[in-house]
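Listed below are the residues making up each chain.
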Amino acid sequence: MNTENERSGTAVKVTTNGMIVNIILTLFKFIAGILGNSAAMIADAIHSFSDFITDIVVIVGIKVAGKPADNNHHYGHGKIETLCAAFVGIVLFIIGVEIFLGGLSKILLVINGGKLEQPGMIALIAAVFSILTKEWLYRYTLNYANNLKSDAMVANAWHHRSDAFSSVGTMLGIGGAIVLGGKWAVLDPIAAVILSFFIFKVAFDITYKNTNELTEAAPAKDVIEDIQHIIASTDGVKDFHKLKTRRVGNNIATDVHIQVDMNLTLVEAHDICTEVENRFREKYGNDSILYIHCEPYT
């Protein structure tokens with residue numbers, strides 16, 4: 001099994017495990033919301049259901065991205081994973097708007113003299129259970145995402161944490177309503193509005209990063225400097241220019257013109273190019289893409 005297939009298989013397995021947990025958690029929260037007379041918990045259950053949808057998007061994206069290059073996709077299918085990550089970022093933003101508007105409407109209801117219903121203890125238990133479960137899912141997914149260097153999985157991990165954030169607001173509102181009395185149910189929407197801004201920040205970061213990659217933006221400055229160092233420090237390379245670098249999904253793609261001693265034979269010049277390529281792939285993986293144009297140094 002090659003490295004890309006192993007990576008894809010692990011990513012799909014981790015995301016599938018998260019999807020199963022999301023389905024169970026959504027059903028539990030929905031039942032708890034009905035039995036506990038908690039509109040906030042029912043809304044929280046709907047939020048958890050959105051995780052199920054994005055899990056499917058990520059699984060499909062990772063599977064397609066893991067396919068090798070073909071006649072129609074000469075650079076492989078890595079951009080599909082980037083597209084999925086950007087999609088998850090947009091979904092996160094929509095969820096943030098939903099949480100913000102829902103919380104704001106409840107705050108305005110209380111300001112205008114309305115009252116929020118006092119929920120039952122089972123809804124509070126469900127909120128606490130949701131926080132613990134989604135935080136675990138966030139750490140579990142993020143750990144594998146960092147090891148696999150998968151932006152789609154990173155985005156999905158933060159989607160799990162956004163669910164934990166919304167459950168924190170639900171827990172505060174339900175807990176405040178139970179302990180302090182019905183009027184303190186306004187703590188729920190206040191906390192939800194505050195937490196929605198954290199979700200907006202994460203959604204923007206994820207969407208911006210992956211949209212940049214889709215539009216062929218160069219990678220981070222430190223990555224470019226590292227590539228420059230690899231090329232310049234290779235024995236036989238006198239100079240280089242026209243360096244272009246971008247990401248294709250999980251892989252780095254680089255084009256460069258290197259200059260070598262004009263008195264070298266074709267074989268010797270080719271060996272220098274091969275050494276640059278080997279050092280590049282050793283650092284950035286065997287699936288990295290590197291095109292070298294060799295020129296005489298004068």
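The numbering scheme is per chain: residues are counted from 1 as the chain's sequence reads. Local features in a predicted model are, by the rule used here, given only for residues with pLDDT of at least 70; side-chain atom pairs are given and counted only at 80 or more, and totals for whole chains, interfaces and linings are based on all residues. Values shown for side chains rest on all heavy atoms present in the structure; no hydrogens or waters enter the calculation.

Overview of unusual backbone geometry
Within the chain, K242 stands out as a residue other than glycine whose phi angle is a positive 55 degrees. Relative to the elements of secondary structure, K242 occurs in strand β1 (residues 239–248). Judged by its relative accessible area of 54%, K242 falls in the exposed class. Going along the chain from the N terminus, every DSSP run of H or I of four or more residues is numbered as a helix, and every run of E of two or more is numbered as a strand. Classification of residues uses two cut-offs on accessible area relative to the type maximum, computed with a 1.4 Å probe and protein chains only: under 20% is buried, over 50% is exposed, and between them is partly exposed.

Some points on a nonpolar patch on the surface
The residues that make up patches have over 30% relative accessible area and no salt bridge, and they are joined within 9 Å when like-charged or within 5 Å when they are Val, Leu, Ile, Met, Phe, Trp or Tyr. Where accessible areas are quoted, they stem from the Shrake-Rupley method and a 1.4 Å probe; at the residue level, only the protein chains shown are allowed to cover. Here a salt bridge means any side-chain nitrogen of Lys or Arg lying within 4 Å of a carboxyl oxygen belonging to Asp or Glu. On the surface, F30, I31, I34, L35 and I122 cluster together to form a nonpolar patch covering roughly 480 Å² of accessible area. Here the element with the most residues in the nonpolar patch is helix α1 (residues 3–35); it accounts for 4 residues. Within the secondary structure layout, I31 lies in helix α1. Its relative accessible area of 48% is what places I31 among the partly exposed residues.

Considering the nonpolar core
Taken as a class, soluble globular proteins show a tendency for nonpolar side chains to be buried jointly. Nonpolar cores were defined as sets of buried Ala, Val, Leu, Ile, Met, Phe, Trp, Tyr and Cys residues, with membership established by side-chain atoms within 4.5 Å. Counting 25 residues, the largest nonpolar core has I62, L92 and M153 as the members making the most contacts within it. Elements supplying a minimum of two residues to this core: α1, α2 (39–65), α3 (78–111), α4 (121–148), α5 (151–180) and α6 (187–214). Considering every element that reaches this core, the biggest residue donor is α3, with 6 residues. The contact criterion used is simple: two residues touch if any of their non-hydrogen atoms lie within 4.5 Å. Look past the residues within four positions of I62 in its chain and what remains in contact with it is S8, A11, V12, T15, E81, S150 and M153.

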